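# Summary of the model geometry
Single-letter residue listing:
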Amino acid sequence: MERIASFCVDHTRLERGMYLSRQDGDVLTWDIRMKKPNQGDYLSTAAAHTLEHLFATYARNSAVKDGVIYVGPMGCRTGFYLLTRGLTPAQALQLTVDAYRFMADFEGAVPGASEVECGNYRDMDLPTAKAEAAAMLPVLEALTAEDLHY
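A brief structural summary. (Residues numbered from 1 in each chain as written. Predicted model: local features only at pLDDT ≥ 70, side-chain atom pairs only at ≥ 80, totals over all residues. Heavy atoms only, no water.)

## A closer look at helix 1 (residues 45–59)
For helix 1, with 15 residues, the first-to-last C-alpha span of 21 Å sits near the 21 Å given by 1.5 Å per residue. Of all 15 residues making up helix 1, 11 are buried, and the element is well covered by its neighbours. Every buried residue of helix 1 is accounted for by Ala46, Ala47, Ala48, His49, Thr50, Leu51, His53, Leu54, Phe55, Ala56 and Ala59. Tucked inside the fold, the buried residues of helix 1 contact strand 2 (27–33), strand 3 (68–73), strand 4 (79–85), helix 2 (89–105) and helix 3 (126–141). (Helix = DSSP H or I, 4+ residues; strand = E, 2+ residues; numbered from the N terminus. Expected span 1.5 Å × (residues − 1). Buried < 20%, exposed > 50% of the residue type's maximum accessible area, 1.4 Å probe, protein only. Contact = heavy atoms within 4.5 Å.)

Now the structure itself:
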């Protein structure tokens, strides 16, 4: 079988940050790397699940929501993928910074965290999710659109 694109990225060189991971036609896949790979420090499943609900809710309600295709966690628990169409790198970065601010400051019930709305609604950890988002925010805020490449 052909090796898929995400396995062609040298994970020994990745640092925390946001990168353009691939382009498929007009769809851009952004790698939002919250943890340095293979260092033993990963997102807990409950925090990642909570961040997924918050990030997706924010992105799909933002001013650029029509350009958001998908928000989801990496299986390795080191970050998230954001797939966009029609957004500039600057817009994707601003959306991500704004989403992480939203997540770091979020109070209240996690959107979609009910038995009717989610297949594992009990697996949520808002305090840890907020702390993870707050820890990532300075990394994202330091980036410019020109920095968004591997």
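And the narrative resumes.
## A closer look at the sheet that holds strand 4
Taken together, the four strands give an open sheet; going across it, the order is 1-2-4-3, and neighbouring strands pair in antiparallel fashion. Both edges of this open sheet fall to strand 1 (17–24) and strand 3, since each of them pairs with a single strand only. Averaged over all pairs of adjacent strands, the angle between their axes in this sheet comes to 20 degrees, without regard to strand direction. Relative to strand 2, strand 1 is paired through seven bridges, and the arrangement is antiparallel. Note on strand 2: the bridge partner recorded for Asp24 is Val27. In this fold helix 1 packs onto strand 2, strand 3 and strand 4, with an angle of close to 170 degrees to the strand it touches most, strand 3. (Pairing = 2+ DSSP bridges. Axes fitted to C-alpha atoms, helices over the stretch in contact; angles between N-to-C directions.)

## Description of the layout of surface pockets
The volume enclosed by the largest pocket comes to roughly 160 Å³. Residue lining of the largest pocket: Ser6, Phe7, His11, Arg33, Pro37, Asn38, Tyr42, Met74, Gly75, Cys76, Thr78 and Tyr81, and that is the complete set. Partitioning the lining of the largest pocket into residue classes produces six nonpolar, five polar and one charged. (1 Å grid on protein atoms, 1.4 Å probe; cavity = no way out; pocket = protein on both sides within 12 Å on 5 of 7 lines; lining within 4 Å. Points joined across faces, edges and corners; volume = space filled by probe spheres on them. Nonpolar A, V, L, I, M, F, W, Y, C, P; charged D, E, K, R; others polar.)

## Details of the environment of Asp105
Within the secondary structure layout, Asp105 lies in helix 2. Spatially, the C-alpha atoms of Asp105 and Lys130 are 6.8 Å apart, while their sequence positions differ by 25 residues.

## Comments concerning the pattern of salt bridges
Side-chain pairs of opposite charge can arise whenever the charged atoms involved come near each other. Taken as a whole and assessed by the stated rule, the structure comprises nine salt bridges. A salt bridge links Arg33 to Asp31; the nearest nitrogen and oxygen atoms lie 2.7 Å apart. Taking relative accessible area as the criterion, Arg33 reaches 2% and is therefore assigned buried. In this structure, the salt-bridge partner of Arg101 is Asp98, at a minimum N-O distance of 3.3 Å. Residue Arg101 and its partner Asp98 are both found in helix 2; the two are separated by three residues, about one turn of the helix. Ionic contacts of the salt-bridge type, sharing partners, join the residues Lys35, Asp41 and Glu132 into one network. (Salt bridge = Lys/Arg side-chain N within 4 Å of Asp/Glu carboxyl O.)

## A closer look at the packing of aromatic side chains
Applying the stated rule across the entire model yields four aromatic pairs. Centre to centre, the rings of Tyr58 and Phe102 are 5.1 Å apart; their planes meet at 35 degrees, and the pair counts as tilted. With Tyr58 in helix 1 and Phe102 in helix 2, this residue pair connects regions lying 44 residues apart in the sequence. According to the relative accessible area criterion, Tyr58 is partly exposed, its value standing at 23%. We classify Phe102 as partly exposed; its relative accessible area is 27%. Feature note: the residues Phe55, Phe80 and Tyr100 constitute an aromatic cluster, connected by ring pairs. (Phe/Tyr/Trp six-rings, centres within 6.5 Å; stacked < 30°, edge-to-face > 60°.)

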